[in-house]
2 protein chains.
Amino acid sequence: MSDPRAIGVFDSGVGGLTVVRSILDDLPREPVLYFGDTARYPYGPRTLEEVRTFAVQIARHLVERDVKMIVVACNSATAAAIEQVRAAVSVPVVGVIEPAVRAAVRATRNGRVGLIGTEVTVASGAYHDALARLDPGSEIALIGQACPAFVEFVERGDTTSPALLAAAERYLTPLQAAGVDTLILGCTHYPLLRGALHHVMGPEVLLLSSADETAKDVYEILGERGLLNEMTRPPDHRFECSGDPEWFAGLGRRFLGPEFLDADRVSLELSKSR
Amino acid sequence: MSDPRAIGVFDSGVGGLTVVRSILDDLPREPVLYFGDTARYPYGPRTLEEVRTFAVQIARHLVERDVKMIVVACNSATAAAIEQVRAAVSVPVVGVIEPAVRAAVRATRNGRVGLIGTEVTVASGAYHDALARLDPGSEIALIGQACPAFVEFVERGDTTSPALLAAAERYLTPLQAAGVDTLILGCTHYPLLRGALHHVMGPEVLLLSSADETAKDVYEILGERGLLNEMTRPPDHRFECSGDPEWFAGLGRRFLGPEFLDADRVSLELSKSR
């Protein structure tokens, strides 16, 4: 049994490409169709209702393109809309929150787990909800910290400057004071800050990338359901965005790597956009 | 202070490119000069004395090329020759074994750690030696398992077939029976098997990639010693090999990604080669 259909992955922008990269490391024969909703990026300031509408719209677009599963590679969209997406399509749907929380529950030794993400993700409570669902009666303390400046540093390629390290120290000091031994990187941009986060948190703290953890779930689901592609020729990936393909491609090569070729602009129904 | 010199990285073949990839994720502004000793690959069947000679020869070649540090991105060479390389050059030298062992000491909850690698790496005892050095009087049980067939699967791009999963189950069953909660991927090819290893070991076992852990050490050392490159234009990487550059480039793009361009053939003193 071999299923040559693509894995559909979407995000509000380029961050979800770190998830694609982890998926392609684990599953080099799987084709990916990525959609970055760059015309409506970022989702942070949007209302819950808007993000749900966008996420369902994109998921339906991917299913029309005949994907075999959908990865919601965006913390905001996972927090707001994972259940709505699951209800809207008949293919398996994976988000980025539950895999990272599950890994943290397994990994922490002292029951104190830090979470860093955008303001909206941390304020949404989605990680706490996932913890309550996955570890009922959990004794784990999950301590969130918004790191609003990080995305801009990553998009500039700055992972080492004194300004970046000062921002990291400012954000992370409360988590160190709280004694966390495990840190969830709750934003798809943050795997690219791993060196800096490790430097500031110190070697005793385990960093969990939601990109890597989500990729493991994708591997499991495709394997269990007989949806793997067994063809040995290199797969063709496709990259679509709703905004400027040049901007998208420039950052895309940095986030994903060699598999990123050109991006196509695709117009969804954009009446709800700004 | 900004140091534009390259980080020198070497391996017997292409596997060390997974280490380069982790380094470039953390440090996108650093240029890398990679040397794959493909004419003498693999180092496994070589004598200890031969591997020491090769490693020192390559390290001196990299220093002549003016690198600012050296990463021995090869388990065999790290096991055999890390101290010889340190004695031969005046730049900082990092291997792949100590970073992974340090991470395992921090991560294990039950004190039972698995190690997978090639026959030679596992038989060398280098990981046990590193554990004794880094965690004196350690109560951690480190259980090694050679996985000789894995490299060939990875080089074919096969990470999901029934044959690969059967091999993984055969190799990993003793480690599961031993109750390990942490598994060191002690070969630079194995990060590309992460999905399969996770599938077979189950979600309770933490996988530690020596590539990721080594990259964190590189970040620390360059930062501490003021050796980071602060230039913001994209760095130029160079890839050299002692054997066929076509073979090297074909696998190199798969292992590293976009930063892999063409490879140059460089002849070291090859009188000791087969």
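Preceding this section is the structure that the text describes.
The shown structure was predicted, so the numbers you read here are calculated from the model rather than taken from an experiment.

This paragraph deals with the relation of the copies chain A and chain B. Screw-axis analysis of chain A against chain B gives a translation of 0.0 Å along the axis, an RMSD of 0.0 Å, and a rotation angle of 180°. Accordingly, the operation relating the two chain copies is best matched by a two-fold axis. In this assembly the copies share their binding face: 100% of the residues contributing to the interface of chain A also contribute to that of chain B.

Across the boundary between the two partners, chain A contributes 37 residues, which contact 37 residues of chain B. Summing both sides of the interface, chain A and chain B together bury roughly 3,700 Å²; the carbon and sulfur share of this comes to 46%. Taken together, chain A and chain B are joined by six salt bridges. For Asp25 of chain B, the salt bridge identified is with Arg21 of chain A, shortest N-O distance 2.9 Å. Contributing elements (two or more residues each) for the side of chain A that touches chain B: helix 1 (17–26), helix 4 (97–107), helix 9 (194–201), helix 10 (210–224) and helix 11 (245–255) of chain A.

All names here are of chain A. Cis geometry marks the peptide bond from Tyr41 to Pro42, where omega comes out at -10°. Inspection of the secondary structure assignment puts Pro42 in the loop between strand 2 (32–36) and helix 2 (48–64). Its identity is not glycine, yet Asp66 carries a phi of approximately 70°, on the positive side. Among the secondary structure elements, Asp66 is positioned in the loop between helix 2 and strand 3 (69–72).

What follows deals with the pattern of salt bridges. Inspection of every chain in the model, using the stated rule, returns 30 salt bridges over all chains. A salt bridge links Glu152 of chain A to Arg156 of chain A; the nearest nitrogen and oxygen atoms lie 3.2 Å apart. Taken together, the residues Glu152 of chain A and Arg156 of chain A, both in helix 7 (residues 150–156) and four residues apart, mark about one turn of the helix. For Glu152 of chain A, a relative accessible area of 55% gives the class exposed. Residue Arg156 of chain A is classed as partly exposed on the basis of its relative accessible area, which comes to 48%. In this structure, the salt-bridge partner of Arg102 of chain B is Asp217 of chain B, at a minimum N-O distance of 2.7 Å. Taken together, the positions of Arg102 of chain B in helix 4 (residues 97–107) and Asp217 of chain B in helix 10 (residues 210–224) put the pair 115 residues apart, joining distant regions of the chain.

Quick look at the sheet that holds strand 8 (residues 206–209) of chain A now. Consider a sheet: its strands pair through backbone hydrogen bonds, and that pairing is either parallel or antiparallel. Residue and element names in this part refer to chain A. The strand order across the open sheet built from four strands is 6-5-7-8, with neighbouring strands paired in parallel fashion. Each edge of the sheet is formed by a strand with only one pairing partner; in this case those strands are strand 6 (141–146) and strand 8. Each strand of the sheet is rotated relative to its neighbour by a mean of 25°, with strand direction disregarded. Here strand 5 (residues 112–117) runs beside strand 7 (residues 182–185); their pairing, made up of four bridges, is parallel.

The next thing to look at is the sheet that holds strand 8 (residues 206–209) of chain B. Residue and element names in this part refer to chain B. Spatial ordering of the open sheet is given by 6-5-7-8, a layout of four strands whose pairing is parallel. The open sheet has two edge strands, strand 6 (141–146) and strand 8, and neither has a second partner. Taken over all neighbouring pairs, the strand axes of this sheet differ in orientation by 25° on average, direction set aside. Against the sheet, helix 9 (residues 194–201) engages strand 5 (112–117), strand 7 (182–185) and strand 8, with an angle of about 155° to strand 8.

All names here are of chain B. When you line up the elements, Thr121 lands in helix 5 (residues 119–124). Relative accessible area serves as the criterion here: at 3%, Thr121 is assigned to the buried category. Other than its neighbours up to four places away in sequence, Thr121 contacts Asn75, Ser76, Tyr127 and Gly186.

The rules behind each value
Residues numbered from 1 in each chain as written. Chains lettered and ligands numbered in written order. Predicted model: local features only at pLDDT ≥ 70, side-chain atom pairs only at ≥ 80, totals over all residues. Heavy atoms only, no water. Least-squares fit on C-alpha atoms with pLDDT ≥ 70 in both. Contact = heavy atoms within 4.5 Å. Buried area = accessible area lost by both parts, 1.4 Å probe. Salt bridge = Lys/Arg side-chain N within 4 Å of Asp/Glu carboxyl O. Helix = DSSP H or I, 4+ residues; strand = E, 2+ residues; numbered from the N terminus. Buried < 20%, exposed > 50% of the residue type's maximum accessible area, 1.4 Å probe, protein only. Pairing = 2+ DSSP bridges. Axes fitted to C-alpha atoms, helices over the stretch in contact; angles between N-to-C directions.

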